[in-house]
Number of protein chains: 4
Amino acid sequence: MVGNVFGRAFRVMTCGESYGGALLIICEGVPAGMELSENDIQPELDRRRPGQTEFDSPRQEKDQIQIVAGVQEGKTTGAPVGLLMFNVDTQMKHIDEYRSYKDVPRPGHAEITYFMKYGKWTDWVGAGRASGRETAARVAAGALAKKILAREGIEVIGYVSEIHGIASKASGLTVEQVRANIEKTPLRCPDLEAAQKMIDDTLQVKDDGDTVGGVVECRALGVPPGVGEPVFDKLSARIAYGIMSIPSVKGIEVGDGFESAKRLGTEDNDHIYFDDNKKLRFRTNHSGGILGGISNGDDIIVRCAVKPTSTVSVDQPSVNMQSMENVILSPITRRDPTICGRIVPVVEAMVRLAILDLLMVNRGYQAVARNDNPWLDHLAPRPADVWSPPQD
Amino acid sequence: MVGNVFGRAFRVMTCGESYGGALLIICEGVPAGMELSENDIQPELDRRRPGQTEFDSPRQEKDQIQIVAGVQEGKTTGAPVGLLMFNVDTQMKHIDEYRSYKDVPRPGHAEITYFMKYGKWTDWVGAGRASGRETAARVAAGALAKKILAREGIEVIGYVSEIHGIASKASGLTVEQVRANIEKTPLRCPDLEAAQKMIDDTLQVKDDGDTVGGVVECRALGVPPGVGEPVFDKLSARIAYGIMSIPSVKGIEVGDGFESAKRLGTEDNDHIYFDDNKKLRFRTNHSGGILGGISNGDDIIVRCAVKPTSTVSVDQPSVNMQSMENVILSPITRRDPTICGRIVPVVEAMVRLAILDLLMVNRGYQAVARNDNPWLDHLAPRPADVWSPPQD
Amino acid sequence: MVGNVFGRAFRVMTCGESYGGALLIICEGVPAGMELSENDIQPELDRRRPGQTEFDSPRQEKDQIQIVAGVQEGKTTGAPVGLLMFNVDTQMKHIDEYRSYKDVPRPGHAEITYFMKYGKWTDWVGAGRASGRETAARVAAGALAKKILAREGIEVIGYVSEIHGIASKASGLTVEQVRANIEKTPLRCPDLEAAQKMIDDTLQVKDDGDTVGGVVECRALGVPPGVGEPVFDKLSARIAYGIMSIPSVKGIEVGDGFESAKRLGTEDNDHIYFDDNKKLRFRTNHSGGILGGISNGDDIIVRCAVKPTSTVSVDQPSVNMQSMENVILSPITRRDPTICGRIVPVVEAMVRLAILDLLMVNRGYQAVARNDNPWLDHLAPRPADVWSPPQD
Amino acid sequence: MVGNVFGRAFRVMTCGESYGGALLIICEGVPAGMELSENDIQPELDRRRPGQTEFDSPRQEKDQIQIVAGVQEGKTTGAPVGLLMFNVDTQMKHIDEYRSYKDVPRPGHAEITYFMKYGKWTDWVGAGRASGRETAARVAAGALAKKILAREGIEVIGYVSEIHGIASKASGLTVEQVRANIEKTPLRCPDLEAAQKMIDDTLQVKDDGDTVGGVVECRALGVPPGVGEPVFDKLSARIAYGIMSIPSVKGIEVGDGFESAKRLGTEDNDHIYFDDNKKLRFRTNHSGGILGGISNGDDIIVRCAVKPTSTVSVDQPSVNMQSMENVILSPITRRDPTICGRIVPVVEAMVRLAILDLLMVNRGYQAVARNDNPWLDHLAPRPADVWSPPQD
């Protein structure tokens with residue numbers, strides 16, 4: 001298994017399984033001299049933690065983070081930050097419980113492909129690295145990115161916009177409205193009326209032993225123009241890469257996405273204008289703040305499709321990989337009826353990691369290019385001052 | 001500008017602009033001893049080439065490819081393959097024509113963000129590297145990948161499934177039907193009835209000076225189980241990364257994608273079974289052949305949203321970046337009413353590059369792991385023999 | 001600070017400082033199904049650990065390693081292996097002791113450049129990440145690589161061949177002789193007569209408050225032909241990259257290195273011949289087992305220059321970075337009179353990491369290339385059988 | 001074959017063989033707005049070009065470079081720069097000539113390992129990618145790096161300091177003296193007296209059909225403090241990586257290198273002091289300008305061992321890989337009696353590429369870190385103003 005590293009400039013590597021001893025997270029590219037403590041990271045982890053509502057798996061994990069490297073007297077030193085999170089529930093406790101299931105993969109789950117790839121050596125205790133537990137490491141790294149991005153005036157905020165086909169007006173809310181409502185319900189849909197419908201529906205589905213999927217939307221505010229590399233490393237491509245690497249995500253769109261595909265050019269083009277202060281602005285934001293893979297100073301808007309949790313509490317046909325026979329898999333009780341609410345901080349984390357990484361790449365480029373480039377020189381100290389994003 | 005490299009094991013780097021001297025493409029990871037000539041690459045480029053139908057920009061480029069490195073007496077040597085494609089139309093011819101436009105960016109186009117990023121030094125002749133011309137390099141590299149994948153029994157085929165909201169039955173066609181119909185119309189929709197509606201609509205839109213977007217679907221057949229790395233480098237994530245890096249693509253989904261988000265778990269899970277020959281199969285393919293980021297042996301299915309071409313032939317409000325004034329941008333006549341047909345080979349190319357790259361990564365892992373892993377040893381010589389994909 | 005990752009296929013990331021909370025090490029590319037326990041790693045760490053002989057810093061650290069990810073029931077799962085090593089001595093205990101020194105950098109030490117780079121935020125407690133303590137993480141990762149390489153029949157062995165200008169006959173010893181003698185003295189010079197001279201000299205130097213440098217030689221046995229990528233990623237280049245990244249190493253040579261520069265071509269060329277069993281062999285090994293950056297099946301031989309420890313116990317002129325004045329730095333008592341013995345396992349570790357990484361890259365290439373390449377097919381199952389290395 | 005890419009931020013990929021159609025070079029990370037023409041690159045290539053003196057292979061190649069991408073109206077656009085160099089002498093002309101040799105590898109040459117790795121498909125016409133011709137691509141990329149580094153006030157200069165054991169006083173010369181003398185003799189040793197001895201010796205050796213090796217030294221002046229990443233990506237490690245990847249280089253040292261290994265700490269430590277202008281300086285430069293992998297503002301000094309050209313003009317024992325017999329390889333007339341003079345621009349190129357790459361990485365870090373780090377803020381606009389390098 002390779003591919004446990006994300007990023008070029010702000011680079012993260014993680015390891016750890018569902019019931020292994022611990023998750024480790026190493027982040028490099030952290031600026032020196034920034035205040036950093038566990039209190040910057042724990043709140044984000046707490047948002048993702050299971051066992052808190054009736055929509056989560058009942059597993060109890062404290063997800064307590066420790067900073068073990070890169071900080072001295074409360075400030076970052078420039079060295080890579082090392083994060084450590086012990087599992088409370090570990091293999092030892094569960095290995096016999098899981099041993100009985102290990103030869104019968106859950107339909108829709110990654111167990112079967114892990115088995116195909118790693119053979120009998122695959123980690124079968126709670127799905128190992130295919131478990132949602134892996135995403136806690138992403139959230140921890142993302143919390144660190146959040147702190148750095150805040151210094152640049154960049155805020156990333158995600159929320160549920162749809163569950164099981166129940167739409168909401170979340171996309172139309174202002175950031176202030178989203179901020180105010182987002183944590184009011186466990187499903188993290190800021191349109192509270194829709195949120196109630198989603199809750200009712202999901203509880204009903206839960207009672208039936210089933211699960212539901214949904215759509216998570218995410219906005220990044222304050223991203224200066226110029227972030228994203230024009231060809232393969234477009235901002236949109238790197239965000240898509242990050243989000244599509246989250247377990248259960250099956251689709252991603254930027255701006256109006258699949259809606260744009262139905263339109264005329266004249267309907268989809270965002271008109272450009274100078275406002276009264278000679279700041280460059282866009283009349284609309286169909287593009288989701290990204291043109292040609294580069295941020296245009298407007299809000300970055302992305303949306304992703306989350307499939308229903310594959311683990312359900314009803315009988316399902318499956319196979320026994322040992323006996324090579326078709327069998328019936330019994331209902332599994334320990335599960336999330338939906339992961340939509342809990343996945344919100346994970347989506348935010350990946351958006352932050354992708355943006356911060358490309359922001360650092362761009363800063364490096366600008367710093368070298370500025371050398372004899374007066375136009376950029378004028379632009380660079382605070383690009384947003386010149387090309388300020390629309391503030392609708 | 002960085003990010004002109006794609007891949008880890010099969011790695012591609014490209015350069016070249018709309019009206020620069022040439023496109024260069026270097027591909028490493030090419031196996032030695034494979035027959036390779038320009039005839040393997042030219043046909044794919046010809047599929048993408050403009051100026052061939054009433055739906056393309058009228059620009060005339062031969063897109064003639066030359067292999068200048070990595071081949072000896074008609075066979076690859078293992079060295080990186082170097083590809084060279086001169087532009088016929090170059091800066092010299094067009095620089096004055098474009099000079100008049102250079103300060104007024106086209107709405108919806110990347111010109112404005114390139115300007116924000118590179119300042120007055122941005123390449124303004126035909127949009128430089130933001131031009132669709134850059135995608136010819138992807139197609140050339142993809143044609144090389146196609147040849148290698150064919151040796152592994154892997155085929156990638158793309159087609160248009162929707163234009164301007166006109167749906168088709170393309171997704172429901174067999175591969176044989178798709179193959180038979182795909183090149184019958186310039187819009188490359190294999191549902192010929194729908195294709196005719198799309199053609200009529202697009203010609204009407206073209207007459208109005210406008211453009212349309214659409215959806216391109218792509219299938220990869222014969223991908224063995226085990227391709228894709230479980231965490232950040234999921235097969236789905238790397239395909240999304242590649243496809244979202246194509247100009248004009250605003251969304252991507254794998255398998256049922258955003259439809260899955262509306263479903264119950266019991267509706268979305270693909271049931272697993274052994275067929276009469278004890279081969280592992282899946283009853284349905286909602287997952288698009290990828291579970292936990294790893295191929296399951298079933299068809300890989302992806303779909304992407306292509307926005308309407310931003311260059312339209314009607315008056316549009318814009319700005320003059322030199323005078324800092326709001327202006328009206330005059331209609332531009334040289335343009336594609338839709339790029340959906342021409343983008344098909346580009347989408348195929350990126351899917352091929354992503355799959356080949358991860359296939360090589362997986363082979364490397366297996367080769368080392370096999371050392372004392374009899375189960376994998378049994379599996380590895382031809383995984384498909386043991387875990388054969390469903391053949392519906 | 002970036003650059004905390006080493007490798008492409010077998011990839012390692014580390015973090016942790018001299019007196020931080022812990023060192024974390026994540027390794028990916030580990031094959032599944034391999035037995036692995038702390039007992040595979042601890043012995044290598046114990047070889048590097050300080051406080052054991054009169055040649056080491058008296059610091060007491062247990063360097064106790066814990067495997068916290070990637071292993072299940074004693075076998076690797078294919079997931080990245082996570083290693084954790086808590087510091088016993090931590091910042092808390094030493095911060096006041098070091099505070100008094102922090103503004104006066106030690107000549108020859110990295111403190112001054114860290115300060116130039118990270119400013120006042122640099123980690124000044126025991127030199128932070130510039131401390132030799134960082135190398136414990138390399139040794140831990142290298143121990144894992146050792147276990148994997150052993151399955152491939154590859155052994156890496158290092159030893160001291162010179163200290164403070166005192167030469168030895170170590171290079172001329174057989175591997176068996178080296179193995180037998182290497183751990184007999186704390187300076188790890190297998191020529192025991194020379195070792196005794198080195199010990200006597202170093203103890204004398206220690207009494208004078210001074211330190212000494214030396215040369216470490218390292219052999220890799222059993223590397224099959226074909227490892228190393230011909231242009232930038234030559235086996236020699238990647239080994240040099242790895243070794244030169246070890247603190248205090250100022251030079252590296254492969255084979256006869258700088259001696260070769262004094263020779264005629266006819267003196268330096270290693271003649272090739274088939275032995276009686278039609279196995280390909282080389283009469284001499286001036287090349288150090290690498291030609292054109294690719295292993296030739298012969299022993300890989302490298303040698304590196306280790307400068308004397310910069311921390312000495314005599315008065316030295318320096319500066320106070322706070323007061324901006326020239327000052328005298330007082331003798332420092334806690335130090336290694338030479339690190340040559342302790343650096344041996346670190347050099348071995350980097351050689352192993354470089355070789356394993358390129359071995360995996362080569363296996364991936366071969367696995368894909370074999371597809372229609374009968375010559376390679378014949379070669380690949382066990383290259384050493386066909387092109388066996390000389391066994392003199 | 002992978003590993004044809006060098007660099008992280010300033011990244012170069014190359015392809016092309018001895019007698020292939022062309023060399024292609026793509027460089028990304030080039031700042032926009034810099035004047036660039038073929039005249040910036042051609043002179044460096046002309047320095048490396050064969051067929052110019054009695055010390056070179058007589059092969060006639062014009063090495064004429066064309067810029068085909070990344071430049072508009074004489075200025076860089078920020079897009080990757082594409083360079084193209086056609087071979088005049090190509091496979092077609094030489095394939096029959098070389099066919100007779102192809103089964104008998106030259107001792108000391110990479111042909112045998114290429115054969116072991118790529119089998120019969122290896123490029124046997126003039127050694128393909130193992131030919132020194134590959135280094136022309138490095139020189140072209142290095143010339144571009146030279147232009148960018150010049151804007152930062154950084155100069156890299158290399159020269160021969162020893163040939164066939166004949167030492168020189170080159171290391172002791174001032175940069176002005178080196179600059180004045182370097183091109184006065186074809187062997188590029190600026191100590192003209194020693195140069196004459198080297199010339200006489202090499203001509204004698206040439207008459208005997210033999211070849212000689214030597215040592216190339218290289219200085220980088222004006223590198224600001226702070227360049228180089230502390231752990232694996234040390235400036236010394238990346239320079240070593242680059243230089244050791246040059247064909248025929250068998251060793252590298254930084255600063256006093258292997259001499260340091262013979263010293264006491266008190267002899268080797270460079271004392272730090274503030275000069276009368278309160279600028280930080282070092283009394284000596286044993287370290288070669290790098291401490292802990294980070295530049296200290298002093299001159300960077302490296303030295304590398306170049307083995308004698310393996311192709312000699314006397315009978316040598318070898319093998320026939322086809323007949324599997326031991327044979328005598330006849331003298332080969334077309335060869336360089338020494339490559340030391342011609343390799344100088346190649347060494348300079350790799351030093352430039354390594355430094356520029358890490359300079360850009362550091363600038364990216366600083367640009368982000370500066371955000372709330374007043375100390376760095378003060379430092380960053382022109383680090384050299386504050387921490388000026390010693391100007392002895």
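The shown structure was predicted, so the numbers you read here are calculated from the model rather than taken from an experiment.

(A) Structural detail: the overall build of chain A. Within chain A, the regular secondary structure consists of eleven helices and 18 strands. Compactness check: chain A gives a C-alpha radius of gyration of 22 Å against a globular reference of 21 Å for 392 residues, within 12% of the reference. Along the longest, intermediate and shortest principal axes, the C-alpha atoms of chain A span 70 × 50 × 35 Å. For chain A, buried positions account for 69% of its 392 residues. Counting contacts in chain A only where the partners sit at least 6 residues apart, residues at least 24 apart contribute 71% of the total.

(B) Up close: the relation of the copies chain D and chain C. The transform that puts chain D on chain C rotates by 180° and translates by 0.0 Å along the axis, for an RMSD of 0.0 Å. What the superposition gives is, in effect, a two-fold axis relating one chain to the other. It is Y241 of chain D whose C-alpha, among those of chain D, lies nearest the rotation axis, at 2.3 Å. In this assembly the copies share their binding face: 100% of the residues contributing to the interface of chain D also contribute to that of chain C.

(C) Up close: the interface of chain B and chain D. Residue-level contacts link 41 residues of chain B with 41 residues of chain D. Sort the elements by how many residues they give to the side of chain B that touches chain D and strand β3 (residues 22-28) of chain B lands first, with four residues. A breakdown of the residues in the side of chain B that touches chain D according to their chemical character gives 18 nonpolar, 17 polar and six charged.

(D) Structural view of the sheet that holds β3 of chain B. Residue and element names in this part refer to chain B. Ordered in space as β1-β2-β3-β7-β4, the five strands form an open sheet in which the pairing is antiparallel. Of all the strands in the sheet, just β1 (5-6) and β4 (66-69) have a single pairing partner and so form its edges. Sheet strands touched by helix α4 (residues 134-151): β2 (11-15), β3 and β7 (81-86). Its angle to β3, the strand with the most contacts, is close to 30°.

(E) Focus on the sheet that holds strand β4 (residues 66-69) of chain A. Residue and element names in this part refer to chain A. Read from one edge of the open sheet, five strands run β1-β2-β3-β7-β4, paired in antiparallel fashion. Both edges of this open sheet fall to β1 (5-6) and β4, since each of them pairs with a single strand only. Alignment of β1 against strand β2 (residues 11-15), held across two bridges, turns out to be antiparallel. Bridged to F6 within β2 is V12.

(F) The arrangement of the confidence of the model for chain A in detail. Residues and elements named next belong to chain A. Mean pLDDT over chain A works out to 89, with 94% of the residues at or above the 70 mark. For the stretch residues 372-392, pLDDT sits under 50, and the model shows 36 contacts to residues farther than four places along the chain or on other chains. For this predicted complex, the interface confidence score (ipTM) comes to 0.94, while the overall pTM stands at 0.95.

(G) The arrangement of unusual backbone geometry in detail. With a phi angle near 60°, M324 of chain B is a residue other than glycine that sits in the positive phi range. Relative to the assigned elements, M324 of chain B resides in the loop between β17 (316-320) and β18 (325-329). Assessed through the 11 C-beta atoms surrounding it within 10 Å, M324 of chain B is described here as exposed. With a phi close to 85°, S248 of chain C is a non-glycine residue in the positive phi region.

(H) Up close: the interface of chain D and chain C. Taken together, the contacts link 98 residues of chain D with 98 residues of chain C. Class assignment for the residues of the side of chain D that touches chain C results in 48 nonpolar, 32 polar and 18 charged. Sheet topology note: the strand β11 (residues 249-254) of chain C/strand β11 (residues 249-254) of chain D ladder contains three bridges and is antiparallel. Bridging across to β11 of chain D, G251 of chain C finds its partner in E253 of chain D.

(I) Examining the environment of S161 of chain D more closely. Residues and elements named next belong to chain D. In this fold, S161 is placed in strand β8 (residues 155-163). Given 25 C-beta atoms within 10 Å, S161 falls into the buried group. Measuring from C-alpha to C-alpha, the distance between S161 and C304 comes to 9.8 Å, with 143 residues separating the pair along the chain. For S161, the contacting residues outside a window of four places in its chain are S168, A170, S171, C189, V215, E217 and R303.

(J) Geometry of helix α3 (residues 111-118) of chain A. Extensive coverage of α3 of chain A is indicated by the burial of eight of its eight residues. Inspection of α3 of chain A places E111, I112, T113, Y114, F115, M116, K117 and Y118 of chain A among the buried residues, and these make up the whole buried set. Close packing links the buried residues of α3 of chain A with β12 (272-274), β14 (290-291) and β15 (294-295) of chain B. One or two residues past the end of α3 of chain A sits G119 of chain A, with phi positive at roughly 65°.

(K) A look at the pairing of β18 of chain B. Residues and elements named next belong to chain B. Across five bridges, the pairing between β17 and β18 is antiparallel. Across the sheet, residue S318 finds its bridge partner in β18, namely V327. Linking β17 to β18, which pair antiparallel, is a turn of four residues; within it M324 sits at a positive phi near 60°.

(L) Focus on the packing of helix α1 (residues 38-48) of chain B against α4 of chain B. Residues and elements named next belong to chain B. Running from N to C, α1 and α4 point in directions that differ by 140°, and their axes come no closer than 8 Å. When the interaxial angle is binned, α1 and α4 end up oblique. Both α1 and α4 take part in a crossing whose hand is right-handed. Here D40, I41, E44, L45 and R48 of α1 lie close against α4, whose contacting residues are T135, A136, V139, A140, G142, A143, L144 and K147. Here the contact of α1 with α4 is built from residues that sort into seven nonpolar, two polar and four charged.

(M) Summary view of helix α4 (residues 134-151) of chain D. Residues and elements named next belong to chain D. When the terminal C-alpha atoms of α4 are compared, their 28 Å separation across 18 residues agrees well with the 26 Å that a helix rising 1.5 Å per residue should span. Judged by how many residues are buried, α4 sits mostly within the fold: 15 of 18 residues are covered. G153 lies just past α4 and shows a positive phi near 80°.

(N) Fine view of the pairing of strand β3 (residues 22-28) of chain C. Residues and elements named next belong to chain C. In terms of burial, β3 is a largely internal element, seven of the seven residues being buried. What you see with β3 is no split at all: A22, L24, I26 and E28 on one side and L23, I25 and C27 on the other are buried throughout. When strand β2 (residues 11-15) meets β3, the two strands line up antiparallel, connected through five bridges. Within β3, the residue paired with V12 across the bridge is C27. With antiparallel pairing between neighbouring strands as the criterion, β2 and β3 make up a hairpin whose turn holds six residues, including G16 at a positive phi of roughly 125°. Here β3 pairs with strand β7 (residues 81-86) via six bridges, running antiparallel.

(O) Structural detail: the packing of helix α7 (residues 235-244) of chain A against helix α7 (residues 235-244) of chain B. Where α7 of chain A contacts α7 of chain B, the two axes come as close as 8 Å, and the packing angle between them is 165°. Relative to α7 of chain B, the element α7 of chain A is oriented roughly antiparallel. Of the two possible hands of crossing, α7 of chain A and α7 of chain B adopt the one that is right-handed. Contacts between α7 of chain A and α7 of chain B involve S236, A237, A240, Y241 and M244 of chain A on the former and, on the latter, S236, A237, A240, Y241 and M244 of chain B.

Definitions and limits used
Residues numbered from 1 in each chain as written. Chains lettered and ligands numbered in written order. Predicted model: local features only at pLDDT ≥ 70, side-chain atom pairs only at ≥ 80, totals over all residues. Helix = DSSP H or I, 4+ residues; strand = E, 2+ residues; numbered from the N terminus. Rg over C-alpha atoms; globule rule 2.2 N^0.38 Å. Buried ≥ 20, exposed ≤ 12 C-beta atoms within 10 Å, placed from the backbone. Contact = placed C-beta atoms within 7 Å. Least-squares fit on C-alpha atoms with pLDDT ≥ 70 in both. Nonpolar A, V, L, I, M, F, W, Y, C, P; charged D, E, K, R; others polar. Pairing = 2+ DSSP bridges. Axes fitted to C-alpha atoms, helices over the stretch in contact; angles between N-to-C directions. pLDDT = per-residue confidence, 0-100. Parallel < 35°, antiparallel > 145°, perpendicular 65-115°, else oblique. Left-handed = near helix turned anticlockwise from the far one by under 90°. Expected span 1.5 Å × (residues − 1).

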